[in-house]
Amino acid sequence: MIERNCREAQRNLQRIQYVDPVTRVSRGNATANVIKLMSALNARASANTYNIPALVTATNNVQRIRQDFTDDYTSYEIGLREVVLMDCQANPVSFYRKLTEVRSKRAILSTHAKSIELELDSFSQHISDLANLVKDAR
Amino acid sequence: MKKFFSKVHRRVHQWVVANQLLSGIFAVIAITILLTTISMALYITSGASGLDLSRPGFDASRSAAQTGDTPTFSSTGKLTTKDIEAFTKLYNEQRDTLKKIGSFDDQALTDEALGLIIPTTEPVPGSE
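All of these numbers come straight from a predicted model, not from anything done at the bench. (Residues numbered from 1 in each chain as written. Chains lettered and ligands numbered in written order. Predicted model: local features only at pLDDT ≥ 70, side-chain atom pairs only at ≥ 80, totals over all residues.)

Caption draft 1: Inspection of the overall build of chain B at higher detail. Helix and strand content of chain B: 6 helices and 0 strands. The helix and strand sequence of chain B, counted from the amino end, reads α-α-α-α-α-α. (Helix = DSSP H or I, 4+ residues; strand = E, 2+ residues; numbered from the N terminus.)

Structure (structure tokens):
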């Protein structure tokens, strides 16, 4: 079955290979923009002596996850390239093994994207704490 | 063997002295090939090649990649309720942009999605 259909699978993987860098670059830009905003708010809150450690923690976590995402994307991209270039009809077993590895690597990227969302949710929740502090200080 | 190498060395040395311009050109070409090989190796192993949308075939992708306007929120100055409201608006806009971008859904690599397994339509028992 794999030997018969693997060329078609490789063509589909090649299409994914063209789409993924766009997603990666777009996500990278958008995440960098959010981090820039978060850092600016943290700096301004700190300069005004408002201390909300949860905001700083969420920002640091997003930065850390973004770095992990970058490293894991490189590994995923290299794995995907190898699967596309393999002679799958001659080595169907190693083709499928490699494909399974690429799936796990893609699942890790998906997890990172979800983790970033959770951290951004957490940051959102703590913005209201900061707003309350600012309101009380008036 | 040693004699052979010393003879080759002498011959090469004589040729280089006699053809200085030509040997200079060869040396430049060799250095260029070496440096290009090193930079290509770094380009591929660092993962930069995977993100390079200027590669041939990525013309359409280049325009599809979202760069967006970089939002600005001043990191200095007094912090008021109005500033926090302005920040929240900017922050939510950026989050919406991020949500619209794909998140590497694992469904794209299933056997069915890749065409490794062609789904068969089996008859439902008792339907005949």
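There is more to say, and it comes next.
Caption draft 2: Representation of the overall build of chain A in the model. Assigned secondary structure in chain A consists of 3 helices and 0 strands. Shown N-terminal to C-terminal, the secondary structure of chain A runs as helices and strands in the order α-α-α. For chain A, whose C-alpha radius of gyration is 21 Å, the value lies well above the compact-globule estimate of 14 Å for 138 residues. Projected onto its principal axes, the C-alpha coordinates of chain A cover approximately 75 × 20 × 15 Å. (Rg over C-alpha atoms; globule rule 2.2 N^0.38 Å.)

Caption draft 3: Fine view of the domain arrangement of chain B. If you check the domain split of chain B, you get domain 1 (1-51) and domain 2 (71-117). Taken over C-alpha atoms, the centre of domain 1 of chain B sits 49 Å from the centre of domain 2 of chain B. (Domains from an automatic or database assignment.)

Caption draft 4: Structural view of the interface of chain B and chain A. Each side of the interface is counted separately: chain B has 44 residues, and chain A has 47 residues. When residues of the side of chain B that touches chain A are traced back to their parent elements, those giving at least two are α3 (48-51), α4 (59-64) and α5 (81-100) of chain B. The element best represented in the side of chain B that touches chain A is α5(B), accounting for 10 residues. Of the residues that constitute the side of chain B that touches chain A, the class distribution is 20 nonpolar, 20 polar and 4 charged. (Contact = placed C-beta atoms within 7 Å. Nonpolar A, V, L, I, M, F, W, Y, C, P; charged D, E, K, R; others polar.)

Caption draft 5: View of the packing of helix α1 (residues 2-47) of chain A against helix α2 (residues 53-85) of chain A. Residues and elements named next belong to chain A. In contact at an axis separation of 10 Å, α1 and α2 are set at 165° when each is read in the N-to-C sense. As far as their axial angle goes, α2 and α1 are roughly antiparallel. As α1 packs across α2, the resulting crossing turns out to be left-handed. Where α1 abuts α2, its residues Gln-10, Leu-13, Gln-14, Gln-17, Arg-24, Thr-31, Ile-35, Met-38, Ser-39, Leu-41, Asn-42 and Ala-45 lie against Leu-55, Val-56, Thr-59, Val-62, Gln-63, Arg-66, Tyr-73, Leu-80, Val-83 and Val-84. (Axes fitted to C-alpha atoms, helices over the stretch in contact; angles between N-to-C directions. Parallel < 35°, antiparallel > 145°, perpendicular 65-115°, else oblique. Left-handed = near helix turned anticlockwise from the far one by under 90°.)

Caption draft 6: Focus on the packing of α1(A) against helix α3 (residues 92-137) of chain A. Residues and elements named next belong to chain A. Relative orientation of the contacting elements α1 and α3 amounts to 20°, with a least axis distance of 11 Å. Classified by the angle their axes make, α1 and α3 are roughly parallel. As for how α1 packs across α3, the hand of that crossing is left-handed. Facing Ile-2, Glu-3, Cys-6, Thr-31, Val-34, Met-38 and Ala-45 of α1, the residues of α3 in contact are Pro-92, Phe-95, Tyr-96, Ile-116, Leu-120, Phe-123 and Leu-130. A per-class count over the contact of α1 with α3 returns 12 nonpolar, 1 polar and 1 charged.

Caption draft 7: Examining α5(B) more closely. For α5(B), with 20 residues, the first-to-last C-alpha span of 29 Å sits near the 28 Å given by 1.5 Å per residue. On its buried face, α5(B) sits against α1 and α3 of chain A. (Expected span 1.5 Å × (residues − 1).)

Caption draft 8: Up close: the environment of Leu118(A). Secondary-structure assignment places Leu118(A) in helix α3. On the neighbour-count criterion, Leu118(A) (13 C-beta atoms within 10 Å) is partly exposed. (Buried ≥ 20, exposed ≤ 12 C-beta atoms within 10 Å, placed from the backbone.)

Caption draft 9: Here's a closer look at unusual backbone geometry. Residues other than glycine seldom take positive phi values, yet Thr49(A) does so here, at roughly 60°. Mapping Thr49(A) onto the fold places it in the loop between α1 and α2. For Phe104(B), which is not a glycine, the phi torsion comes out positive at approximately 55°. Within the secondary structure, Phe104(B) sits in the loop between α5 and α6 (111-114).

Caption draft 10: Up close: the environment of Thr23(A). Tracing the sequence through the fold places Thr23(A) in helix α1. Residue class for Thr23(A) comes out buried when judged on the 22 C-beta atoms lying within 10 Å of it. Among residues more than four places away in sequence, those in contact with Thr23(A) are Ile101(B), Gly102(B) and Phe104(B).

Caption draft 11: Inspection of the environment of Val83(A) at higher detail. Residues and elements named next belong to chain A. Summarising the element assignment, Val-83 is placed in helix α2. Taking the C-alpha atoms as reference points, Val-83 and Thr-31, separated by 52 residues in sequence, lie 29 Å from one another. With residues up to four places along the chain from it excluded, the contact list for Val-83 reads Leu-13, Phe-95, Lys-98, Leu-99 and Val-102.

Caption draft 12: A look at the confidence of the model for chain B. Residues and elements named next belong to chain B. Scored by pLDDT, chain B has a mean of 85; 87% of the residues are at 70 or more. Confidence, expressed as mean pLDDT per element, reaches its minimum in chain B at α4 with 70 and its maximum at helix α2 (residues 20-45) with 94. Predicted complex, confidence summary: ipTM 0.87, pTM 0.78. (pLDDT = per-residue confidence, 0-100.)

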